[in-house]
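Letter by letter, the chains look like this.
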Amino acid sequence: MSSSLSLKAEFIKGLWKENPVMASLLGLCPTLAVTNASMNGLAMGLATTFVLLSSSLMISALRNFIPHQVRIAGYIVIIATFVTVADRFLAAYFPAISATLGPYIPLIVVNCIILGRQEAFSSRNGIGRSLLDSLGMGVGFIMVLVVLGSIRELLGSGSIFGFAILGDWFTPWMVMILPPGAFLTLGILIALANWYNDPSRSKARKVVS
Amino acid sequence: MSYFLLFFSAAIVNNFVLSYFLGICPFVGVSKRVSSAVSMGMAVTFVMLITAVVTWLIYHLILVPFKVEILEYVSFILVIASLVQLVEMFIRKMSKPLYDTLGIYLPLITTNCAILGLALFSVLRDYAFWESVVFGLGAGAGFTLALVIMAGIREELELAPIPKYFQGAGITMIVAGGLALAFMGFAGMI
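Since the structure is predicted, the reported quantities are computational estimates derived from the model, not experimental observations. (Residues numbered from 1 in each chain as written. Chains lettered and ligands numbered in written order. Predicted model: local features only at pLDDT ≥ 70, side-chain atom pairs only at ≥ 80, totals over all residues.)

Caption draft 1: View of the overall build of chain B. Check the secondary structure of chain B and you find 10 helices and 0 strands. Here the contacts in chain B between residues at least 6 apart in sequence split such that 81% fall between residues at least 24 apart. (Helix = DSSP H or I, 4+ residues; strand = E, 2+ residues; numbered from the N terminus. Contact = placed C-beta atoms within 7 Å.)

Caption draft 2: Fine view of the overall build of chain A. Regarding its fold elements, chain A presents 10 helices and 2 strands. Scanning chain A from its N terminus toward the C terminus, one meets helices and strands in the order α-α-α-α-α-α-α-β-β-α-α-α. Compactness check: chain A gives a C-alpha radius of gyration of 19 Å against a globular reference of 17 Å for 209 residues, within 12% of the reference. Each principal axis of the C-alpha distribution contributes one length, and for chain A these read about 60 × 55 × 25 Å. (Rg over C-alpha atoms; globule rule 2.2 N^0.38 Å.)

Caption draft 3: Highlighting the nonpolar core. One finds A:Ile79, A:Val109 and B:Leu116 to be the most contacted residues of the largest nonpolar core, which totals 102 residues. Apart from the residues lying within four places of it in its own chain, the contact partners of A:Ile79 are A:Val51, A:Ser55, A:Val109, A:Ile114 and A:Leu115. (Core = buried A, V, L, I, M, F, W, Y, C linked by C-beta atoms within 7 Å. Buried ≥ 20, exposed ≤ 12 C-beta atoms within 10 Å, placed from the backbone.)

Caption draft 4: Representation of helix 8 (residues 113-124) of chain B in the model. In this model helix 8 of chain B runs 16 Å from its N-terminal to its C-terminal C-alpha over 12 residues, within 8% of the 16 Å that 1.5 Å per residue would give. Of all 12 residues making up helix 8 of chain B, 11 are buried, and the element is well covered by its neighbours. Every buried residue belonging to helix 8 of chain B is among B:Cys113, B:Ala114, B:Ile115, B:Leu116, B:Gly117, B:Leu118, B:Ala119, B:Leu120, B:Phe121, B:Ser122 and B:Val123, and all of these are buried. Buried-residue contacts for helix 8 of chain B involve helix 2 (28-33) of chain A together with helix 2 (16-20), helix 4 (34-63), helix 5 (72-94), helix 7 (106-109) and helix 9 (129-157) of chain B. B:Asp126 sits one or two positions beyond helix 8 of chain B and adopts a positive phi of about 60 degrees. (Expected span 1.5 Å × (residues − 1).)

Caption draft 5: Region of interest: the interface of chain A and chain B. Taken together, the contact pairs 30 residues of chain A with 32 residues of chain B. Listed by contribution, the elements that provide at least two residues to the side of chain A that touches chain B are helix 2, helix 4 (71-93), helix 6 (112-122) and helix 9 (179-197) of chain A. By residue number, the principal contributor to the side of chain A that touches chain B is helix 9 of chain A, which donates 10 residues. Along the lines of polarity and charge, the residues of the side of chain A that touches chain B split into 26 nonpolar, 4 polar and no charged. (Nonpolar A, V, L, I, M, F, W, Y, C, P; charged D, E, K, R; others polar.)

Caption draft 6: Expanded view of the packing of helix 4 of chain B against helix 9 of chain B. All names here are of chain B. Across the interface, helix 4 lies against helix 9 with an axial gap of 8 Å and an inter-helix angle of 165 degrees. It follows from the interaxial angle that helix 4 and helix 9 lie roughly antiparallel. Pair helix 4 / helix 9 crosses with right-handed handedness. (Axes fitted to C-alpha atoms, helices over the stretch in contact; angles between N-to-C directions. Parallel < 35°, antiparallel > 145°, perpendicular 65-115°, else oblique. Left-handed = near helix turned anticlockwise from the far one by under 90°.)

Caption draft 7: Seen up close, the confidence of the model for chain B. Residues and elements named next belong to chain B. A residue-level look at chain B finds 98% of positions with pLDDT of 70 or above and a mean pLDDT of 88. When the elements of chain B are averaged for pLDDT, helix 7 gives the smallest value, 74, and helix 9 the largest, 94. Scored as a complex, the prediction yields pTM 0.89 and ipTM 0.87. (pLDDT = per-residue confidence, 0-100.)

Caption draft 8: Inspection of the environment of B:Phe27 at higher detail. The topology assignment puts B:Phe27 in helix 3 (residues 24-29). Taking the C-alpha atoms as reference, B:Phe27 lies 29 Å from B:Ile58; in sequence the two are 31 residues apart.

Caption draft 9: Geometry of unusual backbone geometry. Residue and element names in this part refer to chain B. Even without a glycine there, the phi angle at phenylalanine 21 is positive, about 55 degrees. Checked against the element boundaries, phenylalanine 21 lands in the loop between helix 2 and helix 3. Here phenylalanine 21 falls in the buried class, since 27 other C-beta atoms lie within 10 Å of it. Positive phi values are uncommon outside glycine, yet lysine 67 reaches one of about 55 degrees. Secondary-structure assignment places lysine 67 in the loop between helix 4 and helix 5.

Caption draft 10: Here's a closer look at the confidence of the model for chain A. This prediction gives chain A a mean pLDDT of 88; 94% of its residues lie at or above 70. Least confident of the elements in chain A is helix 10 (residues 199-208) of chain A, whose mean pLDDT is 62; most confident is helix 3 (residues 38-61) of chain A, at 95.

Caption draft 11: Examining the packing of helix 6 of chain A against helix 7 (residues 127-157) of chain A more closely. Residues and elements named next belong to chain A. Orientation of helix 6 relative to helix 7, taken along the N-to-C sense of each, is 150 degrees, at an axis distance of 11 Å. In this view, helix 6 runs roughly antiparallel relative to helix 7, as classed from their interaxial angle. Crossing of helix 6 against helix 7: the hand is right-handed. Every residue of helix 7 that contacts helix 6 at Ile113, Arg117, Phe121 and Ser122 is listed here: Ser130, Asp133, Ser134, Met137 and Phe141. Taken together, the residues that form the contact of helix 6 with helix 7 break down as 4 nonpolar, 3 polar and 2 charged.

Listed below in structure tokens is the structure:
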């Protein structure tokens, strides 16, 4: 079975319509855990996208050689290998980020976005399409992490990517960079996305305009 | 650290779900009914206990002596995946009633990040054998506690007038935020 979408649509769908976090609620653990600052969200998103792209490349290339019965185990081994690569790379070149993210980097292995894309897409499509699909999903994931991280960092520390945005008058809302802030912010973002996607609302907008 | 303190810390103070965000998928997915939350919690605790024992043995008796710690992630995830299958087959043969309660939840556990997280944390914190067993039990108890509280709240929520756009995942996240806030109250205890 191969997808009938155009190549561009294959990339675009991951950004919003089938966004892994906002539309399918996948990969919530890292989404909530590492987004107490924009930089952490970006690093996590990039690491996940790297693993997603490389395992898609590998699995779509090998899709006719992996026996159907043991495919999940095969995917997991391939994914875990690339996660080890990403983890060692971060530890060697960006030790500070690696220390902040801690066990959440190895936990990319069990990120359901990655296994989900392999099972649903890369194992059934060619290399080119699989890479585009993974890139779309990865960029969509990075966007959510950076937005969530920026909101939490802005309200919790008064800065974005470490640059002070709000002045001294602002008392940081400590709770935003603590665990409850993650749940609350994501809950409100999901509600906003529901509101934006609501078909009855867009119909009303068209009638008015 | 005494075993009791370790258990208490893993179950309540540093609750896996509410302060490490591990196992969020089942937390959102299987928390609609208290009865299924209890079964899922039991299944996870059971697998966590076995995982704690097996991954400790593998890390300290195989990976460290042969100096291949770099294979940690690959071997842990493979061991967990096959362990879950083994447990499932074992329970099906041994106890039919237990299988009927836990059966459908077991395959889901493979991709539950709380299990791999448990194995990684006990390596990272350099736990001795019994410490890592107690840590596994505590983490399982904490997971069950969070799941059951959440399911209780969600059963009540069905009767509540929730704003249209917050229905489903939105309100679940907000409630989880409230729960996490409540659990933060334990933070000063250890």
